[in-house]
Amino acid sequence: MKRDANLTNAGLMARRKAAIARGVGQVHEVFVDHARNSEVWDVEGRRYIDFAGGIAVVNTGHCHPKVLAAVSAQLQRYTHTCFQLLAYEPYVELAERLSHKVPGDFEKKAMFLSTGAEAVENAIKIARVHTRRSGVIAFGGSFHGRTNMAMALTGKVAPYKSGFGPFPSGIFHAPFPNALHGVSVDDSLHAIEHLFKCDIGPEDVAAIIIEPVQGEGGFYVAPFDFLRSLRALCDRHGIVLIVDEIQTGAGRTGTWLAIEHAGVVPDIVTMAKSMAGGFPISAVIGRADIMDAPAPGGLGGTYAGSPLGCAAALAVLDVFDEEQLLERGRHLGERLQLGLRQLAARHRSIGEVRGLGPMVAIELLVDGRPEKPDADLTKRLCAEALRRGLILLSCGVYANVIRILVPLTVSDEIVDEGLRILGDSLAATT
Ligand SMILES: Cc1ncc(COP(=O)(O)O)c(C=O)c1O
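It should be emphasised that the depicted structure is a prediction, and the values quoted were computed from it without experimental measurement.

Some points on the overall build of the protein
Looking only at helices and strands, the protein features 13 helices and 15 strands. Over its C-alpha trace the protein gives a radius of gyration of 21 Å, about what one expects of a compact globule, namely 22 Å for 430 residues. The C-alpha extent of the protein, read off along each of the three principal axes, is 55 × 55 × 45 Å. Within the span of the protein, comprising 430 residues, buried residues form 54% of the whole. In the protein, 71% of the contacts between residues at least 6 apart in sequence involve partners at least 24 apart. By element, 53% of the accessible surface of the protein is carried by carbon and sulfur atoms, the whole surface being about 18,100 Å². The centroid of the 44 positive side-chain charges in the protein is displaced by 5 Å from the centroid of its 48 negative side-chain charges.

As structure tokens, this is what we get:
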């Protein structure tokens, strides 16, 4: 592949700083030349192993040939008509196939948008019209996006909400259960009952929205009994249970949706990111009667459910079947967890290794003490790993968690090479 020899990361960084609003952050000072499966090459020709997957977008790997072929074929036919003006079959097929994959033995319907935040916005709109209520309960540490409603739902102030208010009213936060940091399932459930007593009656709550594994918040897995209790609570009060699977969905946890692990049937699911292998499309899928609540024209968008996104998403569904990626993901999860536990045995700074299937993380603590998150080490570790050719991504309310979102199509050899670099980087930084 031919590179422009005049481009350097430092040179592009200088141009970026001059031309791009600083609020658009950048984790690593690297500019990409090309990427394939689980590897990325920068403009200077350096190769990296990608443990970040474009923040959970390329579960099927960078530039999967089947996804590229489907999008190329679509490009030759039509690229845009606006589904609400002139419809196209791939949108309908995608709705049929995705609805089929969402748990629940009842009729389901879907709609498509472009980004995760838009999917969240629309899920709330639909739940509000359906219930004719306005309140929404979300969780501390959650991340639901950067639009106004999604920011309001997000349970992490800096940098996502700082200075961006006012936010819509009627949004409340309960603590997310987190055993490591001393919040039990009972604590969380009591906090919701407390909200019902002090802030909003359950009869005014339209929806509860939860990530089955918090992504941005730190890869904390919601205990399955907590998710079941939320389901029961929603049934008791006629509240819509929305599961935000934007980061966890499309096979990231070893099942198509993470909620399947808990055996819980949500009313609405939001998806985006890896559902289309790198092309922008998002989905809201749910019970047909709930999804049909808004009147015609109330939902949609000019680019929502673009033909290219639909073609890519259909190809991703085929790739999952043909390459048995869920099974492959479960194997990958075990390999990663084993490797990380071996590292944890050698490095006291790794306070916890956790995850669900191949959605795994390490939490870095000073002397293994949960009250002492080590954000500084996390930062240094990411920088050192990058220097050695491994792309890492941190997360967490305390910025002390390294999350692994390597493509499910990665080879065992590259996983092991990445784990070796991670170990060497830890040794160099601790
Ligand atoms: C759980 C979750 N919800 C919503 C979003 C927002 O998605 P987007 O950035 O596509 O708007 C994200 C993005 O990281 C996410 O992880």
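So, the pattern of salt bridges
One pass over the structure, following the stated rule, counts 20 salt bridges. Notably, a salt bridge pairs Arg403 with Glu216, separated by 2.9 Å at the nearest N-O pair. Of this pair, Arg403 sits in strand E15 (residues 401–404) while Glu216 sits in the loop between strand E7 (205–210) and helix H8 (224–237); the two residues are 187 residues apart in sequence, bridging distant segments of the chain. Assessed through its relative accessible area of 1%, Arg403 is described here as buried. The salt bridge partner of Arg231 is Asp267, with a shortest N-O separation of 3.0 Å.

Observations regarding the packing of aromatic side chains
If you walk through the whole model with that rule in mind, you get nine aromatic pairs. When the centroid spacing of 6.2 Å and the interplanar angle of 70 degrees are considered together, the rings of Tyr88 and Tyr91 count as edge-to-face. Taken as a pair, Tyr88 and Tyr91 share a single burial class, namely buried. Judged by centre distance (5.8 Å) and plane angle (80 degrees), the rings of Phe139 and Phe226 are edge-to-face. Here Phe139, found in strand E5 (residues 135–139), pairs with Phe226, found in helix H8; they are 87 residues apart in sequence, far enough to count as distant. Feature note: the residues Tyr78, Phe83, Tyr88, Tyr91 and Phe112 constitute an aromatic cluster, connected by ring pairs. The aromatic ring of Trp256 is capped on one face by Lys101, whose charged end is 4.9 Å from the ring centroid. Across the ring face of Phe106, the terminal group of Lys108 is positioned such that the distance to the ring centre comes to 5.7 Å.

Section: the packing of helix H7 (residues 185–198) against H8
It is at 10 Å that the axes of H7 and H8 come closest, and there the two elements cross at 20 degrees. When the axis of H7 is compared with that of H8, the two are roughly parallel. Seen along the crossing, H7 lies across H8 with a hand that is right-handed. Two secondary-structure elements touch here, H7 through Val185, Ser188, Leu189, Ile192, Glu193 and Phe196 and H8 through Asp225, Phe226, Ser229, Leu230, Leu233, Arg236 and His237. A per-class count over the contact of H7 with H8 returns seven nonpolar, three polar and three charged.

Brief notes about the site of the ligand
Neighbouring the ligand are the residues Thr115, Gly116, Ala117, Phe143, His144, Gly145, Glu211, Asp244, Ile246, Gln247 and Lys273. A distance of 2.8 Å separates an oxygen atom of the ligand from a polar atom in the backbone of Gly116. Within the backbone of Ala117, one N or O atom sits 2.8 Å away from an oxygen atom of the ligand. Relative to its unbound accessible surface of 390 Å², the ligand loses 84% to contact with the protein. Each residue belonging to the shell around the ligand can be placed in one class, and the counts come to three nonpolar, five polar and three charged.

Here's the deal with the layout of surface pockets
Approximately 350 Å³ is the volume attributed to the second largest pocket. Looking at the second largest pocket, it is lined by 16 residues, and the ones nearest its centre are Tyr91, Ala110, Met111, Leu299 and Gly300. Ranked by residue count, the leading element in the lining of the second largest pocket is strand E4 (residues 108–113), at four residues.

A short note on helix H5 (residues 116–131)
If you check H5, its first and last C-alpha atoms are 23 Å apart, about what 16 residues at 1.5 Å a residue would give, namely 22 Å. Within H5 the residues assigned to the buried category are Gly116, Ala117, Ala119, Val120, Asn122, Ala123, Ile124, Ile126, Ala127 and Thr131. Just downstream of H5, Arg132 is the residue with a positive phi angle, here 55 degrees.

Focus on the pairing of strand E2 (residues 39–42)
In the sheet, strand E1 (residues 32–36) pairs with E2 via four bridges, with the strands oriented antiparallel. When the sheet's bridge partners are listed, Arg36 is paired in E2 with Glu39. Connecting E1 to the next strand, E2, in antiparallel fashion are two residues, including Asn37 with a positive phi near 50 degrees. Summarising the sheet, E2 and strand E3 (residues 47–50) pair through three bridges and their orientation is antiparallel. For Trp41, the partnering residue across the bridge sits in E3 and is Arg47.

Criteria and cut-off values
- Residues numbered from 1 in each chain as written.
- Predicted model: local features only at pLDDT ≥ 70, side-chain atom pairs only at ≥ 80, totals over all residues.
- Heavy atoms only, no water.
- Helix = DSSP H or I, 4+ residues; strand = E, 2+ residues; numbered from the N terminus.
- Rg over C-alpha atoms; globule rule 2.2 N^0.38 Å.
- Buried < 20%, exposed > 50% of the residue type's maximum accessible area, 1.4 Å probe, protein only.
- Contact = heavy atoms within 4.5 Å.
- Areas by Shrake-Rupley, 256 points an atom, 1.4 Å probe, with all protein chains shown as cover.
- Lys, Arg positive; Asp, Glu negative; His and termini not counted.
- Charge placed at Lys NZ, Arg CZ, Asp CG, Glu CD.
- Salt bridge = Lys/Arg side-chain N within 4 Å of Asp/Glu carboxyl O.
- Phe/Tyr/Trp six-rings, centres within 6.5 Å; stacked < 30°, edge-to-face > 60°.
- Lys NZ or Arg CZ within 6 Å of the ring centre and 35° of its normal.
- Axes fitted to C-alpha atoms, helices over the stretch in contact; angles between N-to-C directions.
- Parallel < 35°, antiparallel > 145°, perpendicular 65-115°, else oblique.
- Left-handed = near helix turned anticlockwise from the far one by under 90°.
- Nonpolar A, V, L, I, M, F, W, Y, C, P; charged D, E, K, R; others polar.
- Near = heavy atom within 4 Å.
- Polar contact = N/O pair within 3.5 Å; in protein donor to acceptor, adjacent residues only side chain to side chain.
- 1 Å grid on protein atoms, 1.4 Å probe; cavity = no way out; pocket = protein on both sides within 12 Å on 5 of 7 lines; lining within 4 Å.
- Points joined across faces, edges and corners; volume = space filled by probe spheres on them.
- Expected span 1.5 Å × (residues − 1).
- Pairing = 2+ DSSP bridges.

Any functional reading would require information beyond the geometric quantities listed.
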